[in-house]
Amino acid sequence: MNKNELNTAVDQQKFFQELNEKLQAETREKLTATPFPFDEIVDPLIDSNVLKIGKVMLQNISLNRLKIDVDVFEDLANENYNLFSIPFLLNGLQDFTPNELGITPIEYVNLIRDAYVLGELHSKHANPIKDEIQKKFQKKADEFQNQQLVEQNKMQKQDNKKVIPMNRK
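This is a predicted model, so every value here is computed, not measured.

### Topic: the packing of aromatic side chains
According to the stated counting rule, one finds 6 aromatic pairs in the structure shown. Relative to phenylalanine 144, the ring of phenylalanine 16 lies with its centre 5.6 Å away and its plane at 85 degrees, an arrangement referred to as edge-to-face. Here phenylalanine 16 is found in helix H1 (residues 3-32), whereas its partner phenylalanine 144 is found in helix H7 (residues 105-161), with 128 residues between them in sequence. Each residue in the set Phe15, Phe16 and Phe144 is aromatic and connected to the rest through ring pairs, giving one cluster. Positioned above the aromatic ring of phenylalanine 96, the side-chain terminus of arginine 65 is 4.3 Å from the ring centre.

Below you can see the structure in the form of structure tokens.
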């Protein structure tokens, strides 16, 4: 690998790392700005059960155990349920036992089923947002790679034009 190829590889790695960071930031921003669509839930007991138990869960869990940062925890604690925060609540419920949540095993089974219903509703609304952002950033990645290929082709053409002197006796 020559010096130009090494620089190109480092540049590519840096570009894709920055692009990924921007993708994650924009995804978080858009999902956080979108409230969870509780109005689409057919059974009003589903969201009230999950959210009631979610409050108990938040009182008994750390950021590390829930795998969230303080901003998401604050959203959940303030009942600011959006398309970014709600999956952490739903996934966190499964980390608890019925005893830790103060409910019976049957109530726990119903709670987990209700969480799946909310998870499906979340996916219905979050996936199109994620897909749109992914397409936007994929287009940028494709443009970058195409530009890299153009530059490589130019360098190859220049290398092919160099005249190599022959020794003649």
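### Side note on the side chain of asparagine 82
Note on placement: asparagine 82 falls in the loop between helix H4 (70-77) and helix H5 (86-93). From its side chain, asparagine 82 meets the backbone nitrogen of serine 85 in a polar contact 2.7 Å long. If we skip the residues at most four places from it in the chain, asparagine 82 touches Leu31, Thr32, Thr34, Pro35, Phe36 and Asp75.

### A closer look at the pattern of salt bridges
Going through the model one piece at a time under the given rule, you end up with 6 salt bridges. Here lysine 136 and glutamate 26 are joined by a salt bridge, their closest N and O atoms 2.8 Å apart. Of this pair, lysine 136 sits in helix H7 while glutamate 26 sits in helix H1, and the two are 110 residues apart along the sequence. Overall, glutamate 26 belongs to the buried group, its relative accessible area being 16%. Of the charged contacts, one joins lysine 124 and glutamate 40 as a salt bridge, the two residues approaching to 3.3 Å between their closest N and O atoms.

### Examining the environment of isoleucine 41
Within the fold, isoleucine 41 resides in the loop between H1 and helix H2 (44-59). Looking at isoleucine 41, the relative accessible area reads 13%, which means it is buried. Along the chain, isoleucine 41 and leucine 118 lie 77 residues apart, while their C-alpha atoms are 8.0 Å from each other. When residues no more than four places from it in sequence are discounted, the contact partners of isoleucine 41 are Phe36, Ile46, Asp47, Leu118 and Leu121.

Quick notes on the rules
Residue indices follow the written sequence of each chain, beginning from 1 at its first position. A pLDDT threshold of at least 70 governs which residues receive local features in this predicted model, and a stricter bar of 80 or more applies before side-chain atom pairs are shown or counted, although totals over entire chains, interfaces and linings include all residues. Each side-chain value is derived from all of the structure's non-hydrogen atoms; neither hydrogens nor water enter the calculation. In summary, the pairing rule links any two rings of Phe, Tyr or Trp, Trp by its six-membered ring, whose centres are within 6.5 Å, and it sorts them by plane angle into stacked for under 30 degrees, edge-to-face for over 60 and tilted for everything else. Strands are runs of DSSP state E lasting at least two residues, helices are runs of H or I lasting at least four, and both sets are numbered from the N terminus onward. When the NZ atom of lysine or the CZ atom of arginine is within 6 Å of a ring's centre and also within 35 degrees of its normal, the charge is said to sit over that ring. By the criterion applied in these results, polar contacts are pairs of N or O atoms within 3.5 Å in which, for protein atoms, one can donate a hydrogen and the other can accept it, and in which residues neighboring in sequence qualify only through two side-chain atoms. Any two residues whose heavy atoms approach within 4.5 Å at even a single point are treated as in contact. Here, a salt bridge means any side-chain nitrogen of Lys or Arg that lies within 4 Å of a carboxyl oxygen of Asp or Glu. Buried, partly exposed and exposed residues are distinguished by accessible area as a fraction of the type maximum, computed with a 1.4 Å probe on protein chains only: under 20%, between the cut-offs, and over 50%, respectively.

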